[in-house]
Amino acid sequence: MRIGELAEATGTTPRALRHYEQQGLITSVRAANGYRAYDPGTAVRVRNIRRLLEAGLTLDDVRVFLPCLDGGDVAAVPASPLALKVARDRLAVLDARIAAQTTVRDRLASALRAAGDEVP
């Protein structure tokens, strides 16, 4: 499977696939013409990587899940204690960012109200 085919099959871009490969999350072999060739099973791995990224994890976080990325839906497999720790840690980071942004938003809304502006 060539990179364009894999991108289309997984709803991602060739650029993202090259990045996943550079990060060691997927592998390819080079065909005689220099094009990347992927095993068809790589599509399952890429879909699972995307699911984890969409859930808020980073590519570094995804590395912990590598042993279970090839067996179908990663969400259907019981998570290891390490995977759960990574997910909890990422959730804590997201919660802290949300709290910080909420504080900034509240300050801005307060300043607008003090200036006589209506804030939704």
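Residues numbered from 1 in each chain as written. Predicted model: local features only at pLDDT ≥ 70, side-chain atom pairs only at ≥ 80, totals over all residues. Heavy atoms only, no water.

Visitor: Before we move on, could you go through the nonpolar core and cite the residues and values that matter?
Guide: Core analysis: the largest hydrophobic core is formed by 21 residues, its most contacted members being L17, Y20, I26, I49, L52, F65 and L69. Secondary-structure elements contributing two or more residues to this core are α1 (3–10), α2 (14–22), α3 (42–54), α4 (59–62) and α5 (81–114). If one sorts the elements of this core by residue count, α3 sits on top with four residues. Discounting residues that sit within four places of it in the chain, I49 has contacts with Y20, L25, I26, L59, V62 and L69. (Core = buried A, V, L, I, M, F, W, Y, C linked by side-chain atoms within 4.5 Å. Buried < 20%, exposed > 50% of the residue type's maximum accessible area, 1.4 Å probe, protein only. Helix = DSSP H or I, 4+ residues; strand = E, 2+ residues; numbered from the N terminus. Contact = heavy atoms within 4.5 Å.)

Visitor: Got a sec to walk through the pattern of salt bridges? Specific residues and values, please.
Guide: Oppositely charged side chains can form a pair if their charged atoms are brought close together. According to the stated counting rule, one finds six salt bridges in the structure shown. The residue E54 makes a salt bridge to R50 at a minimum N-O spacing of 3.9 Å. Here E54 and its partner R50 are both found in helix α3, four residues apart, which amounts to about one turn of the helix. Using a relative accessible area of 61% as the deciding quantity, one classes E54 as exposed. One salt bridge connects K85 with D89, and the closest N-O pair in it is separated by 2.6 Å. (Salt bridge = Lys/Arg side-chain N within 4 Å of Asp/Glu carboxyl O.)

Visitor: Tell me what's going on with the packing of α1 against α2, and back it up with residues and numbers.
Guide: Where α1 meets α2, the closest approach of the two axes is 9 Å, and the angle between their N-to-C directions is 100°. Viewed along their axes, α1 and α2 adopt a mutual orientation that is roughly perpendicular. On α2, the residues that touch I3, L6 and A7 of α1 are P14, L17 and R18. Class assignment of the residues belonging to the contact of α1 with α2 gives a composition of five nonpolar, no polar and one charged. (Axes fitted to C-alpha atoms, helices over the stretch in contact; angles between N-to-C directions. Parallel < 35°, antiparallel > 145°, perpendicular 65-115°, else oblique. Nonpolar A, V, L, I, M, F, W, Y, C, P; charged D, E, K, R; others polar.)

Visitor: Break down the side chain of N48 for me, with residues and values.
Guide: Note on placement: N48 falls in helix α3. Taking relative accessible area as the criterion, N48 reaches 0% and is therefore assigned buried. A distance of 2.8 Å separates a polar side-chain atom of N48 from the backbone oxygen of L69. Filtering out sequence-adjacent residues up to four positions away, N48 remains in contact with L69, G72, D73 and V74. (Polar contact = N/O pair within 3.5 Å; in protein donor to acceptor, adjacent residues only side chain to side chain.)

Visitor: So what about the environment of A79? Which residues, and what values?
Guide: Within the element layout of this structure, A79 appears in the loop between α4 and α5. For A79, a relative accessible area of 41% corresponds to the partly exposed category. Each C-alpha atom of the pair A79 and P120 lies 41 Å from the other, and the pair is 41 residues apart in sequence.

Visitor: Break down the environment of R51 for me, with residues and values.
Guide: Residue position: R51 is located in helix α3. Sequence separation between R51 and K85 is 34 residues, and the spatial gap between their C-alpha atoms is 18 Å.

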